[in-house]
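Tertiary structure, described
So you can see what is in the structure, the chains are spelled out below.
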Amino acid sequence: MAAAPPDGQEKVIAAAQHIVKSLANSKNAADDMIRILSGFDNRFSHMTDLFPAANPNGESVVGSVKEGDEAAYGEEEEGYDRERPRGPGDDDELDEERDAAVEEAMRVVEQWDSPAAGDRLVFESSEDAEEYLAAAACLVGEAGPRVEAALQVAMARLEEEFRQLLVRGTVSLGVEDLQASLLRRLSLTVPAFSSASSVDLDCPSFANHGDEGDDSTTAGRWSSVSDGEISPYLISPDTVSTLKDIADVMLRAGYGPELCQVYGEVRRDTLMECLSVLGVDKMSLEEVQRVEWGVLDGKMKKWIQALKVVVQGLLAEERRICSHILALDADAEEECFTEAAKGCVLQLLNFGDAIAIGKRSSEKLFRILGMYEALAELLPELEALFSGEARDFIKEEAEGILVRLGDAVRGTIAEFANAIRGETSRKSLPGGEIHPLTRYVMNYVRLLADYSRWLNDLLDGCETELETGGDNADITPLGHCVLILITHLLDKIEDKSKLYDDEALQNIFLMNNLWYIVQKIKDSELKSLLGDNWIRKRRGQIRRYSTGYLRSSWTKVLACLRDDGLPQATGSSSALKAALKERFKSFNLTYEELYRTQTAWRVVDPQLREELKISIQEKVLPAYRSFVGRFRGQLEGGRNFAKYIKYNPEDVENQVSDFFEGKRLNA
């Protein structure tokens with residue numbers, strides 16, 4: 001269209017405003033006509049006086065132009081009468097301009113569909129992309145076989161190039177990048193997507209495409225998403241802006257289903273690939289059952305990590321990207337996101353379900369608890385990503401898996417309790433040290449306290465064989481469970497103490513193991529579960545074991561140092577000397593045997609070990625010192641004096657310090 005002189009331009013503007021006014025009662029019709037007028041001549045895109053500013057009530061000029069509003073039309077120097085009835089020629093001119101715009105649009109589409117275009121892609125060039133998108137937009141809503149054919153061709157090309165852009169624009173990430181994506185998602189923000197070749201689809205223009213014009217038609221713009229800025233680690237930011245331009249045209253043309261199919265397929269594959277990179281592979285129940293524990297343990301650990309990254313990182317970002325690209329149609333946005341995300345989510349849930357209903361064994365408990373905790377904590381965020389039927393489906397599936405994981409937790413704890421009671425090893429530990437069963441059970445039980453938040457709910461109402469809460473009337477469900485497990489352990493340790501023939505070593509064994517149990521409880525959250533009173537009672541039991549050791553070990557030694565049974569004679573009575581020789585000989589043999597054996601025993605706790613040594617010294621040394629002092633003179637000067645009084649009291653005191661150190665002596 002040739003450039004109009006200033007007065008002609010004013011008449012065209014006035015005519016356009018008159019059309020807008022006449023359509024003011026239909027906002028959609030007015031918007032459509034504005035788009036049509038802009039298609040006639042690109043100058044309409046730059047004439048701000050075509051659409052005056054909104055009135056104080058916030059209404060656009062389309063809805064507020066009144067019959068008598070003089071300012072909307074202005075004064076015409078050539079005497080143009082804005083009230084003059086429009087003649088048939090005006091409509092004919094507008095129709096001709098529109099036909100020309102549509103013809104130009106078809107030419108652009110057909111040109112790219114011709115053999116001459118070859119394998120070139122429209123979106124390799126920003127100028128070609130802008131022209132093609134505007135051409136496709138111009139064809140939307142037009143009638144005629146040729147127009148409809150051209151529109152179908154345009155939509156087919158846009159669909160294919162949309163697919164290729166999605167594939168090529170995807171950022172390839174390694175496992176480290178994906179695992180770090182959650183941190184980046186929560187801590188970093190970048191400018192929202194921008195496009196240097198954005199197309200205003202409401203104002204397509206073809207008649208003079210490529211002519212001199214205002215750069216504002218191709219200037220960059222900032223795009224935004226209602227729920228915040230978008231991080232660029234799943235797809236190239238420039239690609240997203242281009243994808244949004246394509247999506248806008250296809251949605252307006254009624255090709256939403258085709259668009260959603262492409263988006264869902266490509267993005268689903270991308271997210272599934274991310275899941276594989278994170279170490280979550282598709283596995284059937286049978287495959288999970290066949291995997292050895294060491295491998296399965298690693299997969300369960302990766303599942304917990306992947307769930308957090310997927311929900312809080314990948315899917316949250318996918319939702320934001322989807323919202324940006326498909327901002328024009330909320331229904332299409334929901335459909336596309338659901339199609340893209342559900343495969344990834346279901347694969348995660350299916351693995352969780354396979355673990356929940358799989359074979360139970362005690363080593364799996366804490367991984368199962370970790371999976372339960374992760375899913376329970378993330379479920380609200382996971383639900384919020386979806387809507388409608390998809391949200392209901394995901395929620396129902398996840399809640400069902402939580403129930404089955406909870407069943408697995410309770411069942412596994414029951415298996416563990418049975419394993420304690422059924423432990424049948426008959427090998428005694430040298431030196432009466434802490435039994436491996438004690439270490440294993442207490443470390444296991446101690447870890448249960450880390451999941452008290454969940455276990456108190458999961459164990460609430462469970463029937464147990466202990467009718468009371470022991471020493472704590474307010475004991476929690478988890479505390480009750482721990483009490484049962486420790487009771488089973490103490491019973492088993494009592495049984496294993498009988499593997500030792502020496503009663504003294506039985507007491508050392510029981511003392512070591514009970515001390516370890518008390519220490520693990522005292523230094524952890526288990527203390528709050530069982531209470532101080534329980535600990536005090538067990539410490540009293542440790543003291544009784546110590547007393548039992550002293551009685552069983554040193555009674556025979558002390559019997560050698562009593563006056564009972566000695567001849568009541570004075571001086572150098574031969575009967576008294578013979579009795580004393582026998583007493584000192586018995587003391588030496590008994591003491592040396594204790595030294596030989598009990599220096600090889602070990603009391604694990606240093607403080608308990610020193611207390612026991614002090615108890616020995618306090619019990620034995622005064623009696624030995626007194627006995628030697630009273631009867632030394634009876635043997636002194638005789639033959640083999642050193643054979644009978646082999647040890648001074650100081651020697652015994654020093655040697656007692658070697659007891660319970662776990663030394664291995666040859667003699």
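Reading guide: rules and limits
- Residues numbered from 1 in each chain as written.
- Predicted model: local features only at pLDDT ≥ 70, side-chain atom pairs only at ≥ 80, totals over all residues.
- Heavy atoms only, no water.
- Helix = DSSP H or I, 4+ residues; strand = E, 2+ residues; numbered from the N terminus.
- Buried < 20%, exposed > 50% of the residue type's maximum accessible area, 1.4 Å probe, protein only.
- Contact = heavy atoms within 4.5 Å.
- Areas by Shrake-Rupley, 256 points an atom, 1.4 Å probe, with all protein chains shown as cover.
- Patch = residues over 30% accessible without salt bridge, like charges linked within 9 Å, V, L, I, M, F, W, Y side chains within 5 Å.
- Salt bridge = Lys/Arg side-chain N within 4 Å of Asp/Glu carboxyl O.
- Lys, Arg positive; Asp, Glu negative; His and termini not counted.
- Charge placed at Lys NZ, Arg CZ, Asp CG, Glu CD.
- Polar contact = N/O pair within 3.5 Å; in protein donor to acceptor, adjacent residues only side chain to side chain.
- Axes fitted to C-alpha atoms, helices over the stretch in contact; angles between N-to-C directions.
- Parallel < 35°, antiparallel > 145°, perpendicular 65-115°, else oblique.
- Nonpolar A, V, L, I, M, F, W, Y, C, P; charged D, E, K, R; others polar.
- Arc of directions from axis to C-beta.
- Expected span 1.5 Å × (residues − 1).
- Core = buried A, V, L, I, M, F, W, Y, C linked by side-chain atoms within 4.5 Å.
- pLDDT = per-residue confidence, 0-100.
- Phe/Tyr/Trp six-rings, centres within 6.5 Å; stacked < 30°, edge-to-face > 60°.
- Lys NZ or Arg CZ within 6 Å of the ring centre and 35° of its normal.

Below, the discussion takes up the overall build of the chain. What the chain contains, in helices and strands, is 24 helices and 2 strands. Burial statistics for the chain: of 667 residues in total, 47% are counted as buried. Excluding contacts between residues fewer than 6 apart, the proportion of contacts in the chain whose partners are at least 24 apart in sequence is 81%. Accessible surface, the chain as shown: approximately 32,700 Å² in total, 48% of it carbon and sulfur.

The next point concerns a positive patch on the surface. Where like charges cluster on the molecular surface, the positive patch consists of Lys581, Lys585, Arg639 and Lys643. For Arg639, the location among the structural elements is in the loop between helix H22 (606-635) and helix H23 (641-644). The class of Arg639 is exposed, set by a relative accessible area of 76%.

Considering the arrangement of structural elements, one finds Asn512 in helix H18 (residues 503-522). A relative accessible area of 1% means that Asn512 is categorised as buried. A polar contact of 3.0 Å, which involves the side chain of Asn512, links it to the backbone nitrogen of Val604. The contacts of Asn512, once residues within four sequence positions are left out, are Gly432, Glu433, Ile434, Arg602, Val603 and Val604.

Look at Phe660: it is not a glycine, yet its phi comes out positive at around 65°. Residue position: Phe660 is located in the segment after helix H24 (649-656). Its relative accessible area of 0% is what places Phe660 among the buried residues.

A word on the packing of helix H8 (residues 237-252) against helix H11 (residues 293-325). Interhelical geometry of H8 versus H11 gives an angle of 45° and a closest axis separation of 8 Å. The orientation of H8 relative to H11 falls into the category oblique. Side by side, H8 and H11 meet where Val240, Leu243, Lys244, Ala247 and Asp248 of the first sit next to Ile321, His324 and Ile325 of the second. Of the residues that constitute the contact of H8 with H11, the class distribution is 5 nonpolar, 1 polar and 2 charged.

Among the residues making up H24, those that are buried are Pro649, Val652 and Val656. In an axial view of H24, the angular spread of the buried residues amounts to 60°, which keeps them on one side of the axis. Summarising the contacts, the buried residues of H24 are in contact with helix H21 (574-598) and H22.

Attention now moves to a negative patch on the surface. Among the surface-exposed residues, Glu93, Asp95, Glu96 and Asp99 lie close enough to one another that they form a single negatively charged patch. Inspection of the secondary structure assignment puts Asp99 in helix H4 (residues 88-113).

Looking now at helix H5 (residues 126-139). Between its first and last C-alpha atoms H5 spans 20 Å; for 14 residues at 1.5 Å apiece the expected length is 20 Å, and the two agree. Taking burial as the measure, the 14 residues of H5 include 12 buried ones, the bulk of the element. Within the span of H5, buried status applies to Asp128, Ala129, Glu130, Glu131, Tyr132, Leu133, Ala134, Ala135, Ala136, Ala137, Cys138 and Leu139. One side-chain oxygen of the residue at the start of H5 lies 3.3 Å from the amide nitrogen of Glu127, identifying that residue as Ser125.

Attention now goes to the nonpolar core. With 183 residues, the main nonpolar core has Met155, Leu158, Phe162, Tyr549 and Trp554 as its most contacted residues. Ranked by residue count, the leading element in this core is H11, at 14 residues. Filtering out sequence-adjacent residues up to four positions away, Leu158 remains in contact with Phe123, Tyr132, Leu133, Ala136, Ile246, Val249 and Met250.

Right, let's get into the confidence of the model for the chain. Averaged over the chain, the pLDDT score is 80; the fraction of residues at 70 or greater is 74%. Counting contacts from residues 186-230, a segment whose pLDDT is below 50, to residues more than four positions away or on other chains yields 97 contacts. Long-range and interchain partners of residues 465-469, a stretch whose pLDDT sits below 50, account for 11 contacts in this model, where long-range means more than four residues apart.

It is worth spelling out the pattern of salt bridges at this point. One pass over the full model with this rule turns up 33 salt bridges. Note that Glu593 and Arg596 form a salt bridge whose closest N and O atoms lie 2.7 Å from each other. Placement of both Glu593 and Arg596 in helix H21 is noted, with a separation of 3 residues, approximately one turn of the helix. Given the relative accessible area of 38%, Arg596 is considered partly exposed. Between Lys613 and Glu661 there is a salt bridge whose closest N-O contact spans 2.6 Å. You can see Lys613 sitting in helix H22 and its partner Glu661 sitting in the segment after H24, a full 48 residues away along the chain. Using a relative accessible area of 31% as the deciding quantity, one classes Glu661 as partly exposed. Among the ionic contacts, a cluster of salt bridges with common partners joins Arg609, Glu610, Lys613 and Glu661.

A few words on the side chain of Thr412. Locating Thr412 in the fold gives a position in helix H14 (residues 388-421). Filtering out sequence-adjacent residues up to four positions away, Thr412 remains in contact with Arg360, Ser361, Ser362, Leu365, Ile368 and Tyr444.

Moving on: the packing of aromatic side chains. What describes a pair of aromatic rings is the distance from one ring centre to the other and the angle between the planes of the rings. Summed over all chains, the structure comprises 20 aromatic pairs. With centroids separated by 5.8 Å and ring planes inclined at 70°, the aromatic side chains of Tyr372 and Trp454 adopt a geometry described as edge-to-face. Of this pair, Tyr372 sits in helix H13 (residues 365-385) while Trp454 is found in helix H16 (residues 452-458), placing the two residues 82 residues apart along the sequence. The pair Tyr372 / Trp454 is uniform in exposure class, with both members buried. Directly above the ring of Phe337 sits Arg319, whose terminal nitrogen or CZ lies 4.3 Å from the centroid.

Turning our attention to the environment of Lys308. Inspection of the secondary structure assignment puts Lys308 in helix H11. By relative accessible area, Lys308 is classed as partly exposed at 36%. For the pair Lys308 and Leu375, spaced 67 residues apart in the sequence, the C-alpha separation amounts to 8.7 Å.

What follows is about the packing of H11 against helix H12 (residues 330-356). As a packed pair, H11 and H12 sit with axes 11 Å apart at the nearest point and diverge in direction by 170°. Looking at the two axes, H11 sits roughly antiparallel to H12. Each of Leu296, Lys299, Met300, Trp303, Ala306, Leu307, Val310, Leu315, Glu318, Arg319, Cys322 and Ser323 in H11 lies in contact with H12, whose residues at this interface are Glu333, Glu334, Cys336, Phe337, Ala340, Ala341, Cys344, Val345, Leu348, Phe351, Gly352 and Ile355. A per-class count over the contact of H11 with H12 returns 17 nonpolar, 2 polar and 5 charged.

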